[in-house]
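One letter stands for each residue in the lines below.
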Amino acid sequence: VTARTHEGRRDRTRRRLGLRKRLTLIFAVGALTLSTSVVVISYELSRAYLIRQRTTSLEQQTYVSARLLRARVRAGDPEIPALLASLGPGRTSLHYLLDEGRWTTGLDEADPAILPAGLIDVVRQGHAGHQLIRVGGTPRLAIGVPLAESGASYFAVYSLELLNRTLRVLANSLLVAAAITTLLGAIAGWWASRRVLAPLAEVSEAAAAIAGGRLDVRVVADQDPDLAKVATSFNRMTDALQERMQRDARFASAVSHELRSPLATLVSSVEVVGARRHEFERPAREALDLLESEVTHLARLVEDLLEISRIEAGVADLVMEEVRAAEFVTRAVASSVAERISVDLDAVARDAVLRVDKRRLERVVSNLISNAKHHGGGVARVSLEHRDGVVLICVEDDGPGVPADEREQIFEPFVRGRGARHRGVHGGAGLGLSLVAEHVRAHDGHVWVEERTNGGARFVVELPVVT
Amino acid sequence: VATRVLLIEDDEHVRASLRLVLQQEGSAVCEAASGEDGLAVFRRSPTDIVLVDIMLPGADGFHVCREIRRESDVPILVLTARSDSHDVVAALEAGADDYVVKPAVPKELTARLRALLRRANRAASVSGRVRLGDLEIDVESAQVRQRGEPVALTRTEFRLLCELAQVPGRVMSRETLLERVWGYDYFGDSRLVDVHIRRLRCKIEEEASRPRLIVTVRGLGYRAQPP
């Protein structure tokens with residue numbers, strides 16, 4: 001189980017890294033690998049070359065000294081230690097003479113023990129040789145030369161400190177170069193991924209705008225033929241979508257327009273007849289009541305349909321003005337219900353300012369309240385909250401709530417919850433919530449329904465605030 | 001005395017039903033089926049209020065409003081479709097006092113008509129004269145003079161001016177003005193106020209684009225500048 005959880009976590013991590021991050025990472029790792037190999041190779045080559053060069057020049061120097069020494073040793077010069085001392089200061093070089101098993105050194109600090117035994121053996125057998133050694137952490141070059149005839153051997157130990165310092169500087173510069181290359185690689189990756197993803201980002205923005213109802217948004221076709229194809233198909237799809245939606249909206253609008261004038265006549269005429277209600281017998285009066293209520297219902301239905309089709313076709317012109325959220329909601333609630341319902345305001349919500357079409361947003365509030373009354377057994381609570389740039393208008397009821405699988409559907413036209421299948425008297429048109437959804441969308445907001453903690457439904461309208 | 005309403009509407013059935021509603025309210029209705037007819041009837045017979053549809057064949061509602069405004073300050077109520085909400089502003093600019101969205105609900109229509117008539121006949125809440133800059137407002141006789149010259153205002157413009165001039169220096173919100181002048185509640189269309197203020201400024205300000213008598217207070221409303 002542990003292994004699987006671990007796997008799962010790793011899997012998620014991998015999925016969480018976006019294309020952009022991955023490209024950047026790949027470029028950075030590539031640059032790092034490449035620059036590291038270049039650094040290692042060039043360091044090693046430079047080091048080998050520099051050491052070889054130094055060795056050659058020090059060997060030359062040693063042979064010169066050896067020739068000088070050979071003459072003196074042959075002559076049995078007693079000043080040999082002074083000569084050895086004069087060959088070099090102890091810091092840069094030390095000199096030794098091995099004659100018949102006895103060491104002679106120029107300086108006191110020159111300890112023959114630092115000489116490698118292997119080198120001594122080679123020289124005593126009559127061959128010149130050199131070996132890299134380390135004394136007290138610093139690298140040195142030991143060179144041994146047999147002094148022919150005399151049977152003595154001459155050793156010199158040179159400090160390579162200077163060379164070492166040069167190599168260190170070289171190594172540091174190379175490391176800095178590697179780091180810069182890696183960084184540049186990462187930047188190149190980031191930039192390249194941005195280039196690659198820019199058209200996608202544009203498409204995604206356009207898609208979001210279209211989903212938000214702005215069907216006139218199009219993607220600018222890129223110069224690049226590969227990307228232009230994506231843009232073109234995307235635009236073609238949007239064209240088709242817009243065309244189709246506008247056709248639907250035009251149809252609904254045409255139907256509603258045709259219904260409008262006769263309905264206007266009906267509404268007025270019924271009103272005139274209704275004023276003489278008392279002159280009728282009971283059956284006629286009942287018929288008149290039915291006629292009045294149905295004509296009103298029908299007129300409302302046609303108006304709502306027309307309103308929805310206008311928003312869907314993108315031809316609704318909103319009359320926007322700034323209002324105080326608290327005052328607006330309080331007034332909207334007061335004007336839509338006869339009984340008093342107070343609005344719970346959180347402290348910050350009081351000063352929030354919204355940019356709204358007053359008439360439309362008032363319909364949103366009154367439709368939610370009427371929905372709570374007809375399908376939720378009455379309004380339990382209306383509240384206004386303000387958080388991170390949005391205002392939440394919540395209408396809660398004590399009804400049966402809305403099942404999770406119907407929470408999106410109920411905002412579609414003519415869809416009702418299971419609990420309210422039958423059409424009650426004045427039960428709303430089935431357009432109330434979809435009109436809410438359309439109006440809220442036109443305000444760049446969102447509406448959804450959720451469960452109340454103690455049962456019932458909670459409808460939430462989220463709107464962006466101005467201040 | 002019955003209110004004389006001139007009803008200009010091209011759809012015969014709609015016109016007949018509106019006539020019935022108006023007659024039921026006790027008004028005397030003159031009908032016209034076109035803008036040209038309507039103007040002819042208006043010039044021929046005395047009218048207390050004009051109810052005109054914006055969409056008319058030939059001379060449309062805007063034209064009718066402009067023509068009537070040239071010769072009279074009679075209250076004009078326009079009928080407009082909801083889908084043409086910018087028509088509302090155009091109609092108000094052409095001289096309409098208020099509007100009703102079609103299909104007109106009888107209750108709303110009669111409420112609007114009554115509010116308009118009340119404005120026309122209403123005795124002002126404050127009597128006497130009010131001064132605002134170089135304006136002299138005689139509240140009782142509904143006369144406005146600017147440096148002695150009479151200024152022709154419609155009744156709506158006059159009411160609007162009175163509301164503001166009576167409390168110089170105090171900001172009045174659009175909602176308050178809508179309620180006091182038009183009789184709307186909080187949800188009334190505040191473009192009514194904005195357009196009428198604009199028209200009023202054209203008549204009383206020296207430079208309508210830089211008003212000195214009635215100034216806009218951003219986000220709050222309007223204020224008559226104290227002298």
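Structure shown above.
As the structure is a prediction and not an experimental result, all values here were calculated from the model.

Often the size quoted for an interface is simply the accessible area lost on bringing the parts together. At the junction of the two partners, chain A supplies 27 residues and chain B supplies 25 residues. Both faces combined, the contact of chain A with chain B buries some 2,300 Å², and carbon together with sulfur accounts for 57% of it. By the criterion of area lost to chain B, the three top residues of chain A are Glu271(A), Asp317(A) and Lys358(A), representing 21% of everything that side buries. For the pair chain A and chain B, the interface holds one salt bridge. With a shortest N-O distance of 3.0 Å, Lys358(A) and Glu175(B) are connected by a salt bridge. In this assembly, chain A and chain B are joined by four residue pairs in polar contact (both at pLDDT 80 or more). Secondary-structure elements contributing two or more residues to the side of chain A that touches chain B are α6 (225–274), α7 (282–312), β6 (320–324), α8 (325–336) and α9 (358–375) of chain A. For the side of chain A that touches chain B, the element with the most residues is α6(A), which contributes 10 residues.

Here the distance between the centres and the angle between the planes together describe a pair of aromatic rings. Residue and element names in this part refer to chain A. As enumerated under the stated definition, the model contains six aromatic pairs over all chains in all. Ring geometry for Tyr96 against Trp103: centres 6.0 Å apart, planes inclined by 85°, an arrangement best described as edge-to-face. The exposure class of Tyr96 is buried, given its relative accessible area of 0%. Between the aromatic rings of Phe411 and Phe459, the centroid separation amounts to 6.1 Å while the plane-to-plane angle is 80°, which identifies the pairing as edge-to-face. Of this pair, Phe411 sits in the loop between β10 (390–397) and α10 (432–442) while Phe459 sits in strand β12 (residues 457–464); the two residues are 48 residues apart in sequence, bridging distant segments of the chain. Across this residue pair, the class does not change: Phe411 and Phe459 are buried.

The next thing to look at is the pattern of salt bridges. All names here are of chain B. Scanning the model with the defined rule gives 46 salt bridges over all chains in all. The salt bridge partner of Glu206 is Arg147, with a shortest N-O separation of 3.8 Å. With a gap of 59 residues between them, Glu206 in the loop between α8 (191–204) and β11 (214–217) and Arg147 in the loop between β8 (143–146) and β9 (149–151) connect regions that are remote in the sequence. Accessibility assignment for this pair places Glu206 and Arg147 in one class, exposed.

Note that Ala249(A) resides in helix α6. C-alpha of Ala249(A) to C-alpha of Glu312(A): the two residues are 63 residues apart in sequence and 6.5 Å apart in space.

So, how was this worked out
Residues numbered from 1 in each chain as written. Chains lettered and ligands numbered in written order. Predicted model: local features only at pLDDT ≥ 70, side-chain atom pairs only at ≥ 80, totals over all residues. Heavy atoms only, no water. Contact = heavy atoms within 4.5 Å. Buried area = accessible area lost by both parts, 1.4 Å probe. Salt bridge = Lys/Arg side-chain N within 4 Å of Asp/Glu carboxyl O. Polar contact = N/O pair within 3.5 Å; in protein donor to acceptor, adjacent residues only side chain to side chain. Helix = DSSP H or I, 4+ residues; strand = E, 2+ residues; numbered from the N terminus. Phe/Tyr/Trp six-rings, centres within 6.5 Å; stacked < 30°, edge-to-face > 60°. Buried < 20%, exposed > 50% of the residue type's maximum accessible area, 1.4 Å probe, protein only.

Read these as geometric descriptors, not functional statements.
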